[in-house]
Amino acid sequence: MQAQAIIDFWFEQLSPEQWWAKDPAFDRMIETRFGTLLKQAAACELFTWRDSALGRLAEIIVLDQFSRNIHRDQAQSFAQDALALALAQEAVRAGMDAALNPSQKAFLYLPYMHSESALIHEQAVRLFDQPGLEYNLDFEHQHKRIIDRFGRYPHRNAILGRRSTDEELAFLEQPGSSF
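Residue numbers restart at each chain and count upward from 1, following the sequence in its written direction. In view of the model being predicted, local features appear only for residues whose pLDDT reaches at least 70, and side-chain atom pairs are presented and counted only at 80 or more, with totals across whole chains, interfaces and linings using the full set of residues. Excluding hydrogens and water, the side-chain values take into account all heavy atoms of the structure.

Per an unreviewed UniProt entry, the protein goes by Transmembrane protein and derives from Oceanococcus atlanticus.

Visitor: Hey, could you run me through the pattern of salt bridges in this one?
Guide: Once their charged atoms are close, side chains differing in charge can pair, the charge on each being opposite to the other. By salt bridge we mean one thing: a side-chain nitrogen of Lys or Arg within 4 Å of a carboxyl oxygen of Asp or Glu. This model, assessed by the stated rule, comprises 11 salt bridges. Arg 68 is paired through a salt bridge with Asp 64; the nearest N and O atoms lie 3.5 Å apart. Of the two residues, Arg 68 and Asp 64 both sit in helix H4 (residues 53–70), 4 residues apart, roughly one turn of that helix. We note that Arg 68, like Asp 64, is buried. For the salt bridge of Asp 81 with Arg 156, the shortest nitrogen-to-oxygen distance reads 3.9 Å. One end of the pair, Asp 81, is in helix H5 (residues 81–93); the other, Arg 156, is in the loop between helix H8 (134–150) and helix H9 (157–160), and 75 residues separate them in sequence. Residue burial is assigned from relative accessible area. The probe radius is 1.4 Å, only protein chains are included, and a residue is buried under 20% of its type maximum, exposed over 50%, and partly exposed in between. Judged by its relative accessible area of 6%, Arg 156 is buried. Put simply, DSSP H or I for four residues or longer makes a helix, DSSP E for two residues or longer makes a strand, and each gets a number counted from the N terminus.

Visitor: Teacher, can you tell me more about the environment of Ser 67 here?
Guide: Among the secondary structure elements, Ser 67 is positioned in helix H4. The spacing of Ser 67 and Leu 38 is 29 residues in sequence and 7.0 Å in space, taken between C-alpha atoms. Note on contacts: a residue pair qualifies if any of its non-hydrogen atoms lie within 4.5 Å across the two residues. Once residues within four sequence positions are removed from consideration, Ser 67 is found in contact with Leu 38, Val 62, Arg 72, Ser 77 and Gln 80. The term polar contact refers here to a pair of N or O atoms within 3.5 Å; inside protein, the definition further demands a hydrogen-donor-capable atom paired with an acceptor-capable atom, and it admits residues adjacent in sequence only when both atoms are side-chain atoms. A polar side-chain atom of Ser 67 sits 2.5 Å from the main-chain carbonyl oxygen of Leu 63.

If you want it as structure tokens, here you go:
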């Protein structure tokens, strides 16, 4: 599967609602079509994709998004976050994000939003603060507030085998506390 096929699938064949929906049938379709590709990306075998902005973005989508679909509600869904973030950081440092449209930039920057590092969220706010990404900037602020408050995402605690504090448990009872 070529990088352009990932870009076409994600941005042309899917609706934005599908990106964010929790749909077991959609998750299984992603696994069937792209499960092998996720394994290759996790093993850093898609390195040739990194020569272009769209190729880099495709690899990040596989690592950051497809892993969440394929391994939904499992610790493995977050296993590729560090690699996706490193690839995104390299792309930003190289100025590759300038070649992308706002929707594509949002997914290039999403590994920053998924990070549990306050320092990374400071960078994320700056990245998302540009025309066309206002909606994403609002979500980044919501994510950053959680990280600033808890130093992690409490909604991941059970999946990752982490013990929640009483404050985190109270927070998780609030509407909109998890993404």
